[in-house]
Amino acid sequence: MAARPPAPGQEIRFTRGVDDVRLAWAVHGAGPPLLVNSCWLSHLQYYWQSPVWRHFLEALGAMATTVRYDERGFGLSDWDIADFSLGARVRDLEIIADQLPFDRFALMGMSAGAPVAIAYAARHPGRVSRLVLYGPVLSGCFAGRGQDEAVEQALLAAIRAGWGGQEPQFRRLFTSFLIPAASEEQMTWLDELQRMCTSPANAVASRVARHGIDVRDAMTAVRAPTLVLHARGDLSAPFDHGTEAAALIPGARLVPLDSRNHILLGDEPAWPVFRREVEQFLAGDRQPLEGPTVRLPVLTAREQDIVRLAAEGLDNQQIAARLVLSVRTVERHLQNAYLKAGLTGRTARTALVSRYLSGRELVG
């Protein structure tokens, strides 16, 4: 398999869950913030070498400041896990969200991460500006829900028998559910991802924990504008998962995708549809300046204090000490000011200070 270039500007960080589980999260891209709860098979670094996932990462980074994380038991997060419950996973998402310097952000729940995103959005309506659900698996994991118990036991046996081995035959069973229309290169990569991203024991335990999840009440409580995208021929998450989510979440819009793949591939016709729909949906969080003479939207008093001190040359730690705040709070207020000003990237601070000093700075 040909080598692929490294992640462009991805920053990987770590934090601790409430039960001291180490959680790995990463940031890349530019634009309004987007927090992604990905599917269970995740690996922050390995995804960037992927012929299956890299086009997703590049597209999301082009339209948003994208934050991703490996769920407990997977990827770069801790593997020695006892609790794979929905409650623990939601608490992990809350902790990741609290690391971010944003008061509000768009939230994307992908595949089996969708119930976690739905539960968070219902619980924290003030934090979630928009909700995107892609291929939502509302209960279970792979091959739908309500399936014959004998089939489920066969799948669990396949995980125990071959998930961690060098030969990919058992893992290919799951690959064929996820990307049935893929090339051999893409299937081989996903075979290997399964072995690399978690242990057989975790794959079994997390799958078992996902059965019986019911987020119907949470779906009816979501208040954020919601976009649901689902492939009509999805073998891992039947299309009725997407239709149910769109029916229960108030005002949600469903976009059917013409594909059999659970993970859309970059060369299929459904991919530009996905990208266009998500980009247009997230565009509502952008607040660009309309010309060189436009005034900035009104900043809060605290945001004005922080920008004023930044203009005096103080760094975030010095600003925090002066105003008796945490450094994280200072960062969050600055990010809010950047978003209001339509500024992104490494020059955002300099540009905001420049506008302050030029007299166009803080009032509407």
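Our subject is the structure listed above.
Counting from 1, residues in each chain are numbered in the order their sequence is written. Residues qualify for local features only when their pLDDT is at least 70, as the model is predicted, and side-chain atom pairs are given and counted only at 80 or more; totals for whole chains, interfaces and linings, by contrast, use all residues. The side-chain quantities take in all heavy atoms of the structure and omit both hydrogens and water.

*Asks:* Whenever I open this one, unusual backbone geometry confuses me. Can you help?
*Replies:* Leave glycine aside and you will find that most residues have negative phi; peptide bonds, for their part, are mostly trans. Even without being a glycine, Asp20 presents a positive backbone phi close to 70°. For the purposes of this entry, the term helix denotes a DSSP run of H or I that reaches at least four residues, the term strand denotes a run of E that reaches at least two, and both are numbered from the N terminus. Inspection of the secondary structure assignment puts Asp20 in the loop between strand E1 (11-16) and strand E2 (22-28). Any residue under 20% of the maximum accessible area for its type is buried, any over 50% is exposed, and the rest in between are partly exposed; the area is computed with a 1.4 Å probe on protein chains only. Take Asp20: its relative accessible area is 52%, and that puts it in the exposed class. Residue Ser111 is not a glycine yet carries a positive backbone phi of 55°. Its place among the elements puts Ser111 in the loop between strand E5 (105-110) and helix H3 (114-123). Residue class for Ser111 comes out buried when judged on its relative accessible area of 7%.

*Asks:* What's the story with the packing of helix H1 (residues 54-63) against helix H10 (residues 270-282) in this structure? I'm lost.
*Replies:* Any two packed helices are characterised by how steeply their axes cross, that is the angle between the axes, and by the distance between the axes. Each axis is a line fitted through C-alpha atoms, taken for helices only over the stretch in contact, and angles between the N-to-C directions span 0 to 180 degrees. Interaxial distance between H1 and H10 falls to 10 Å at its minimum, and their mutual angle equals 25°. With respect to H10, the element H1 is oriented roughly parallel. For the pair H1 and H10, the sense of crossing is right-handed. Together, His55, Phe56, Ala59, Leu60, Ala62 and Met63 of H1 and Trp271, Phe274, Arg275, Val278, Glu279 and Leu282 of H10 make up the contact between the two elements. By definition in this entry, angles of less than 35 degrees are roughly parallel, angles greater than 145 are roughly antiparallel, angles of 65 to 115 are roughly perpendicular, and the rest are oblique. If you view the pair so one helix is near and one far, a crossing is left-handed when the near helix is turned anticlockwise from the far one by less than a right angle, and right-handed when it is turned clockwise. Any two residues whose heavy atoms approach within 4.5 Å at even a single point are treated as in contact.

*Asks:* What is the right way to look at the pairing of E5 in this model?
*Replies:* Side-chain direction in a regular strand flips from residue to residue, so the side chains alternate between the two faces of the sheet. With six of six residues buried, E5 is to be regarded as a mostly interior element. Burial along E5 is two-sided: Phe105, Leu107 and Gly109 facing one way and Ala106, Met108 and Met110 facing the other are all buried. Bridge analysis of strand E3 (residues 33-37) against E5 gives four bridges, and the strand direction is parallel. If you follow Leu34 over to E5, its bridge partner there is Ala106. A pair of strands counts as paired when DSSP detects no fewer than two bridges linking them. Here E5 runs beside strand E6 (residues 128-134); their pairing, made up of six bridges, is parallel. Paired with Ala106 across the strands is Arg130, a residue of E6.

*Asks:* When you look at empty space enclosed by the protein in this model, what are you seeing that I'm missing?
*Replies:* Empty space among the atoms can be located by rolling a probe the size of a water molecule over them. Using only the protein atoms, space was sampled on a 1 Å grid; points where a 1.4 Å probe fits but cannot get out form cavities, open sets with protein on both sides within 12 Å along at least five of seven lines form pockets, and lining residues are those with an atom within 4 Å of a point. Grid points are joined across faces, edges and corners, and a volume is the space filled by probe spheres set on the points. Evaluation of the coordinates by the stated rule reveals three cavities of 30 Å³ or more. There is about 100 Å³ of room inside the largest cavity. Forming the boundary of the largest cavity are 14 residues, of which Val36, Ser38, Tyr47, Leu57 and Arg68 lie nearest the centre. Those elements that provide at least two residues to the lining of the largest cavity are H1 and strand E4 (65-69). Looking at which element gives the most residues to the lining of the largest cavity, the answer is H1, with three residues.

*Asks:* Explanation requested: the pattern of salt bridges in the structure shown.
*Replies:* Pairs can form between side chains of opposite charge once their charged atoms are near each other. Here, a salt bridge means any Lys or Arg side-chain nitrogen found within 4 Å of an Asp or Glu carboxyl oxygen. Applying the stated criterion to the full structure yields 21 salt bridges. Between Arg302 and Asp305 there is a salt bridge, with its nearest N and O atoms 3.9 Å apart. Here Asp305 and Arg302 lie together in helix H11 (residues 301-311), a separation of three residues that amounts to about one turn. Residue classification places Arg302 among the partly exposed positions, given a relative accessible area of 31%. Residue Asp305 is classed as partly exposed on the basis of its relative accessible area, which comes to 25%.

*Asks:* Could you clarify how one ought to interpret the packing of aromatic side chains in this entry?
*Replies:* Ring pairs (aromatic) are described by centroid distance and by the angle formed between their planes. Aromatic contacts are taken between Phe, Tyr and Trp rings whose centres are within 6.5 Å, Trp giving its six-membered ring; a plane angle under 30 degrees counts as stacked, one over 60 as edge-to-face, and the others as tilted. Scanning all chains against the criterion turns up 11 aromatic pairs. An aromatic cluster of three or more residues is present, and its members are Tyr46, Tyr47, Trp53, Phe56, Tyr134, Trp189, Trp271 and Phe274. Only lysine NZ and arginine CZ atoms are considered, and such an atom sits over a ring when it is within 6 Å of the ring centre and within 35 degrees of the ring normal. Sitting over the ring of Phe281, Arg130 keeps its end group 5.3 Å from the ring centre.

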